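# Descriptive structure summary
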Amino acid sequence: MIKKILIIFAMLGLFIVFLPLITNFEFSQNLSELASKYVRGSVDELNSQNVVTSVIVTYRGLDTLGEVTVLFLATAGIGFLLKKKNKKSKKRVASEILQTASSFLVALIVLLGVYIFTHGHLTPGGGFQGGVIIATAFLLLLLSDVNMKFNHTILQVVESFSGAFYVVIGIIGLVLTVGFLNSKIIPLGEYGTLFSAGTIPIIYSLIGLKVGSELTNILDTMRGE
Amino acid sequence: MIVALILGFALLLIGIYGMLSQKNLIKIVIGFSIADTGTHIIIVSIGYLRNRTAPILNSAVDISKAVQQVVDPIPSALVLTAIVIGLAVTALMLSFVVELYKKRQSLSIDDYQELKW
Amino acid sequence: MISVTIIIVLGIIMIVAGIVALHLKNLLAAIITAGAISLLASVIYLILGSPDVAMTEASIGSGLTTIIFLYALNRVRKENKDD
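Now for the overall build of chain A. Helix and strand counts for chain A stand at eight helices and zero strands. Scaling as 2.2 N^0.38, a compact globule of 225 residues should have a C-alpha radius of gyration of about 17 Å, whereas chain A reaches 22 Å, well beyond that. For chain A, the spread of C-alpha atoms along the principal axes amounts to about 60 × 60 × 35 Å. As displayed, chain A has an accessible area near 11800 Å², and 71% of this comes from carbon and sulfur atoms.

Between chain A and chain C, the contact holds 22 residues from the first and 14 residues from the second. At the boundary of chain A with chain C, total buried surface from both sides reaches about 1600 Å², with 67% on carbon and sulfur atoms. Linking chain A with chain C are zero salt bridges. Where chain A packs against chain C, one counts six residue pairs in polar contact (both at pLDDT 80 or more). The set of elements that each furnish at least two residues to the side of chain A that touches chain C consists of helix H6 (127–144) and helix H8 (200–223) of chain A. A per-class count over the side of chain A that touches chain C returns 12 nonpolar, six polar and four charged.

Turning next to the packing of aromatic side chains. All names here are of chain A. Applying the stated criterion across every chain, the model contains three aromatic pairs over all chains. Where Tyr-38 meets Tyr-59, the ring centres are 4.5 Å apart and the plane angle is 25°; that geometry is what we call stacked. Linking Tyr-38 in helix H2 (residues 33–44) with Tyr-59 in helix H3 (residues 51–59), this pair joins segments that are 21 residues apart in sequence. Take Tyr-38: its relative accessible area is 6%, and that puts it in the buried class. By relative accessible area, which is 18% here, Tyr-59 ends up buried.

To continue, consider a nonpolar patch on the surface. Residues and elements named next belong to chain A. Residues Val-157, Phe-161, Phe-165, Val-167, Val-168, Ile-171, Ile-172, Leu-174, Val-175 and Leu-176 make up a contiguous nonpolar surface patch of about 890 Å² in total accessible area. Mapped onto the elements, Val-168 comes out in helix H7 (residues 152–176). The exposure class assigned to Val-168 is partly exposed, which follows from its relative accessible area of 40%.

Our focus in this paragraph is the packing of helix H4 (residues 61–81) of chain A against H7 of chain A. Residues and elements named next belong to chain A. Contact pair H4 / H7: the axes reach a minimum separation of 11 Å and the direction vectors enclose 160°. Comparing the axis directions of H4 and H7 gives the class roughly antiparallel. The interaxial crossing formed by H4 with H7 has left-handed handedness. Residues Gly-61, Thr-64, Leu-65 and Phe-72 of H4 form the contact with H7, whose own contacting residues are Glu-159, Tyr-166 and Val-167.

We now examine the side chain of Ser-144 of chain A. Residue and element names in this part refer to chain A. Locating Ser-144 in the fold gives a position in helix H6. Given the relative accessible area of 7%, Ser-144 is considered buried. A distance of 3.2 Å separates the side chain of Ser-144 from the backbone oxygen of Leu-141, its partner in a polar contact. Those residues in contact with Ser-144, other than ones at most four positions away along the chain, are Ala-94, Leu-98, Gln-99 and Ser-102.

Moving on: empty space enclosed by the protein. Where empty space is left in the structure can be found by rolling a water-sized probe over the atoms. Inspection of the entire model under this criterion finds two cavities of 30 Å³ or more. For the largest cavity, the calculated volume is near 170 Å³. Where the lining of the largest cavity is concerned, the elements lending two or more residues are helix H2 (25–46) and helix H3 (73–104) of chain B together with helix H2 (27–47) and helix H3 (51–82) of chain C. By residue number, the principal contributor to the lining of the largest cavity is H3 of chain C, which donates six residues. Of the residues contributing to the lining of the largest cavity, the split by class is six nonpolar, 10 polar and two charged. Empty space within the second largest cavity amounts to approximately 40 Å³. Considering the residues around the second largest cavity, the lining is formed by Val-44, Gly-47, Tyr-48, Val-71, Asp-72, Pro-75 and Ser-76 of chain B together with Leu-48, Gly-49 and Ser-50 of chain C. Of the residues in the lining of the second largest cavity, the class split is five nonpolar, four polar and one charged.

The subject of this paragraph is the side chain of Glu-159 of chain A. All names here are of chain A. Structurally, Glu-159 is set in helix H7. Accessibility expressed as a relative area gives 11% for Glu-159, which makes it buried. Sequence-distant contacts of Glu-159, defined by excluding residues within four places in its chain, comprise Phe-72, Lys-210, Ser-213 and Glu-214.

This paragraph deals with H2 of chain B. Residues and elements named next belong to chain B. Across its 22 residues, H2 extends 32 Å between first and last C-alpha, which sits within 8% of the 32 Å expected from 1.5 Å per residue. With 17 of 22 residues buried, H2 lies mostly within the body of the structure. Of the residues flanking the start of H2, the one acting as N-cap is Asn-24, its side-chain oxygen 2.9 Å from the backbone nitrogen of Ile-26.

Many authors give the size of an interface as the accessible area that is lost as the parts come together. Of the residues lining the interface, 44 residues belong to chain B; the matching set on chain A comes to 46 residues. The contact between chain B and chain A buries some 4000 Å² in all, and 82% of this surface belongs to carbon and sulfur atoms. Taken together, chain B and chain A are joined by zero salt bridges. In this assembly, chain B and chain A are joined by one residue pair in polar contact (both at pLDDT 80 or more). Among the elements of the structure, helix H1 (2–21), H2 and H3 of chain B are those that each provide at least two residues to the side of chain B that touches chain A. Ranked by residues supplied to the side of chain B that touches chain A, first place goes to H3 of chain B with 17 residues. For the side of chain B that touches chain A, the per-class residue count stands at 34 nonpolar, six polar and four charged.

Each value, and the rule that gives it
- Residues numbered from 1 in each chain as written.
- Chains lettered and ligands numbered in written order.
- Predicted model: local features only at pLDDT ≥ 70, side-chain atom pairs only at ≥ 80, totals over all residues.
- Heavy atoms only, no water.
- Helix = DSSP H or I, 4+ residues; strand = E, 2+ residues; numbered from the N terminus.
- Rg over C-alpha atoms; globule rule 2.2 N^0.38 Å.
- Areas by Shrake-Rupley, 256 points an atom, 1.4 Å probe, with all protein chains shown as cover.
- Contact = heavy atoms within 4.5 Å.
- Buried area = accessible area lost by both parts, 1.4 Å probe.
- Salt bridge = Lys/Arg side-chain N within 4 Å of Asp/Glu carboxyl O.
- Polar contact = N/O pair within 3.5 Å; in protein donor to acceptor, adjacent residues only side chain to side chain.
- Nonpolar A, V, L, I, M, F, W, Y, C, P; charged D, E, K, R; others polar.
- Phe/Tyr/Trp six-rings, centres within 6.5 Å; stacked < 30°, edge-to-face > 60°.
- Buried < 20%, exposed > 50% of the residue type's maximum accessible area, 1.4 Å probe, protein only.
- Patch = residues over 30% accessible without salt bridge, like charges linked within 9 Å, V, L, I, M, F, W, Y side chains within 5 Å.
- Axes fitted to C-alpha atoms, helices over the stretch in contact; angles between N-to-C directions.
- Parallel < 35°, antiparallel > 145°, perpendicular 65-115°, else oblique.
- Left-handed = near helix turned anticlockwise from the far one by under 90°.
- 1 Å grid on protein atoms, 1.4 Å probe; cavity = no way out; pocket = protein on both sides within 12 Å on 5 of 7 lines; lining within 4 Å.
- Points joined across faces, edges and corners; volume = space filled by probe spheres on them.
- Expected span 1.5 Å × (residues − 1).

Given below as structure tokens:
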């Protein structure tokens, strides 16, 4: 009973705190100075069509590196907590429709994921979305074949190499140009084509591979045996 | 957009209420994920500007006047990374739930009272 | 104007779904309802002019998060059956 009253008081307090945030909020009519600099710089300096991508990969690249590290730590934590048991249990075989469709669809879904992360600087999407789509392709494999076992060595190699190359590209930027993760270490190319925007597509592809392998690992661990 | 801002705060309050009032551990994690969605909607709605388009500067946008034509890209970038972290944190919470269930064979928060008061 | 109407309609559905998800006794139904909230949120992000976030939310929020919840529920039920 006391707990319920306390909860109601907490909710009322939060409501009173949030109310002035809503009523006094003034929507600005123009972009802030920083945002205008990013929008202009995305065209003038980086040759990238998608401003969000250039903010994530170049202007706030160090944050993204930290964020990918957090994802890695969470994956490691899940793998540590949920150890695998090698217990033989009777599993229901997937239906024939699912098996046939997955053998046909997995390659197409992986292709879509690769398309999304290589075109991250041109269209909406990028490494995180592409990586998740690749992970869903492997999820389809897990669902269709109950005895499916992933080769964890390959997953670990892909994951650690893409992470290492990400840092190496950042350090090359530090040596050759002005700062860590600067994308101008290779020619910027023509605006609006696939091979443009310097290292942005390369870094986003590496992020895509890293996120895809990590999420596949999470799914495989959560499924258990 | 003020409607989306109100919606975000409403979802945040519902999520926090769920986290505080529910007894089932999985329900608590569901409340956390609802509060997560609410926070993301708040941040994205702050970056919205009326009558403007997405920050993708292809042929649909006049590049020389792009600053007057696109919405704020920074909240989008922040939320994009926050969603991925949210997934990892939710998965970690759920693996803790599974481990706790293995120890006590119970999903009710009332059975875990070592730290009460 | 039409975008405000869409957000109001979707918002009412999302708030109702949030309350329902917390009060359902069936955990499976609650998980699916929480996934539906994320799916509707991705439409709202698209209206608010951030398609990148909409893609991420549709694939992660409503896809992978729901799957991970379901795997966790499955593991809990398996533990239950073993003993």
